[in-house]
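The lines below spell out each chain.
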Amino acid sequence: MKLFTIFGDPVSHSKSPIIHNSIFLKYNLNARFNRTLLIDGYKLKEKYHELNLSGASVTVPHKEIAFKICDEVRGSAKEIGAVNCLVSEGDKIIGYNTDIDGFLDSIEDFKNIKKVLIIGAGGTARALTVGFLNKNYEVEIVNRSRERLNNFKNFNIKLYDWSDFQPNNYYDLVVNVSSAGLQNNDDLPINREILIKIFNNAKYAVDVIYKKTAFLKLAEEMGLEIRDGSMMLVYQGVRANLLFINDIQKISRDEILIEMTRAYNLK
Ligand code: NDP
């Protein structure tokens, strides 16, 4: 049996097992997907081999460490510097990043995006930055603290921490890519008064967390069109699943998308 898991801390909230197992069960594949709480990210490689995995998803806060432990990194993950999908090829671990394409797939219907504010500066923020810049969007980032902003210095974009951010600009899209709201639904990713000023001058708000967070509730109250991270999860999962089962089954992207969406909405 092929075994897959998702590594993260926290990880109990993850719906990845639901969507991946839905494909394994529907198509009768000898494969299972579970969750693994990993507190010390430096143990990722050891744990991956110990569990004898064929592949894994990686979530908060280990995506940058995952990038470092791969024997080879392919596609946009190289530019992003963060990996959310690991696949075994012989003795090697190959790393991919399916987050950005999953995110872009999930907002395909949003019109005329030119300027984006990203709140948060972790691995997912880096993925989104690369994806947005490749689409020629103008990007600004605001993060709680300064340190992680250093990972964005090579991008030539405006970087702020909470102490030097002034919410004076118009943004077509504001994305919460911080983990504020992940565990405590009331947490906002930035001070409420600042967020109100940001939303006063914006059109769309997306939270990559897959529920209606306080961030999204406030945006909706203020008349923005909102989207949570559930379809991003499904779309990135579709891309990961295609990589996971590539050698055992040829199932089309559309078939996987339909089944994963159904499974996600059931739970
Ligand atoms: P990282 O741990 O790499 O980064 C976390 C970021 O959140 C940092 O910038 C950190 O700021 C900030 N942060 C954490 N807590 C707070 C807080 N209370 N207030 C303000 N900022 C905070 O995480 P990832 O980039 O991997 O993931 C970020 C979020 O995206 C997670 O919630 C994850 O679940 C979600 N996600 C969803 C996906 C989906 O498919 N829907 C896919 C990928 C991610 P600082 O630098 O100051 O610590």
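One can find the structure itself at the top, above this paragraph.
No experiment lies behind these values; they were computed from the predicted model shown. (Residues numbered from 1 in each chain as written. Predicted model: local features only at pLDDT ≥ 70, side-chain atom pairs only at ≥ 80, totals over all residues. Heavy atoms only, no water.)

Participant: So what exactly am I meant to see when it comes to the overall build of the chain here?
Facilitator: Per the secondary structure count, the chain includes ten helices and twelve strands. The C-alpha radius of gyration computed for the chain amounts to 18 Å, which stays within 12% of the reference 18 Å derived for 267 residues, consistent with globular compactness. In terms of its C-alpha atoms, the chain occupies a principal-axis envelope of roughly 55 × 35 × 35 Å. A separation of at least 24 residues holds for 62% of the contacts in the chain among residues at least 6 apart in sequence. Only carbon and sulfur atoms are counted for the fraction: they give 45% of the accessible area of the chain, which is about 12,400 Å². The averaged location of the 33 negative side-chain charges in the chain is 1 Å from the averaged location of its 35 positive side-chain charges. (Helix = DSSP H or I, 4+ residues; strand = E, 2+ residues; numbered from the N terminus. Rg over C-alpha atoms; globule rule 2.2 N^0.38 Å. Contact = heavy atoms within 4.5 Å. Areas by Shrake-Rupley, 256 points an atom, 1.4 Å probe, with all protein chains shown as cover. Lys, Arg positive; Asp, Glu negative; His and termini not counted. Charge placed at Lys NZ, Arg CZ, Asp CG, Glu CD.)

Participant: Looking at this structure, I do not really get the sheet that holds strand 2 (residues 31–37). What am I missing?
Facilitator: The strand order across the open sheet built from six strands is 2-1-3-5-6-4, with neighbouring strands paired in mixed fashion. Unpaired on one side and paired on the other, strand 2 and strand 4 (72–73) mark the two borders of the sheet. Bridge count for strand 1 (residues 2–8) against strand 3 (residues 55–58) is four bridges, and the pairing is parallel. Bridged to phenylalanine 4 within strand 3 is glycine 55. (Pairing = 2+ DSSP bridges.)

Participant: How should the packing of helix 7 (residues 192–199) against helix 8 (residues 214–221) be read in this particular structure?
Facilitator: Each packed pair of helices is defined by two parameters, the angle between the axes and the distance between the axes. At their nearest, the axes of helix 7 and helix 8 sit 10 Å apart, and the two run at 45° to each other. On the basis of their axis angle, the class for helix 7 and helix 8 is oblique. Considering the relative orientation of helix 7 and helix 8, their crossing is right-handed. Here Arg192, Leu195, Ile196 and Phe199 of helix 7 lie close against helix 8, whose contacting residues are Phe215, Leu218 and Ala219. (Axes fitted to C-alpha atoms, helices over the stretch in contact; angles between N-to-C directions. Parallel < 35°, antiparallel > 145°, perpendicular 65-115°, else oblique. Left-handed = near helix turned anticlockwise from the far one by under 90°.)

Participant: Whenever I open this one, the pairing of strand 2 confuses me. Can you help?
Facilitator: Across a regular strand the side chains alternate sides, sitting on one face of the sheet and then on the other. One ladder, built from seven bridges, connects strand 1 with strand 2; its direction is parallel. Bridge pairing in strand 2 links phenylalanine 7 to threonine 36. Between the parallel pair strand 1 and strand 2, the chain is carried across by helix 1 (residues 16–26), and the sense of this crossover is right-handed. (Right-handed = clockwise from strand over helix to strand, strands pointing away.)

Participant: How should I be thinking about the environment of leucine 224 in this particular structure?
Facilitator: Here leucine 224 shows up in the loop between helix 8 and strand 12 (225–227). A relative accessible area of 7% means that leucine 224 is categorised as buried. Apart from residues lying up to four places away in sequence, leucine 224 is in contact with Phe199, Ala202, Lys203, Tyr204, Ala205 and Ala219. (Buried < 20%, exposed > 50% of the residue type's maximum accessible area, 1.4 Å probe, protein only.)

Participant: I would appreciate a short explanation of the site of the ligand in the present structure.
Facilitator: Close to the ligand lie 27 residues; Ala121, Thr124, Asn143, Ser145 and Val208 are nearest. Between an oxygen atom of the ligand and a side-chain N or O atom of arginine 144, the distance comes to 2.9 Å. Between the ligand and arginine 148 there is a distance of 3.0 Å, counted from an oxygen atom to a side-chain nitrogen or oxygen. The protein chains hide 90% of the 940 Å² of surface that the ligand would expose on its own. (Near = heavy atom within 4 Å. Polar contact = N/O pair within 3.5 Å; in protein donor to acceptor, adjacent residues only side chain to side chain.)

Participant: Help me out: how do you make sense of the pattern of salt bridges in this one?
Facilitator: A side chain of one charge can pair with a side chain of the opposite charge if their charged atoms are brought near each other. This model, assessed by the stated rule, comprises 19 salt bridges. In this structure, aspartate 247 engages lysine 2 in a salt bridge whose closest nitrogen and oxygen atoms are separated by 3.1 Å. On the criterion of sequence distance, the pair formed by aspartate 247 in the loop between helix 9 (230–245) and helix 10 (253–266) and lysine 2 in strand 1 is long-range, its members being 245 residues apart. Under the relative-accessibility criterion, aspartate 247 is labelled exposed at 58%. Across the salt bridge formed by arginine 253 and aspartate 105, the nearest N and O atoms sit 3.6 Å from each other. Linking arginine 253 in helix 10 with aspartate 105 in helix 5 (residues 99–106), this pair joins segments that are 148 residues apart in sequence. According to the relative accessible area criterion, arginine 253 is partly exposed, its value standing at 33%. (Salt bridge = Lys/Arg side-chain N within 4 Å of Asp/Glu carboxyl O.)

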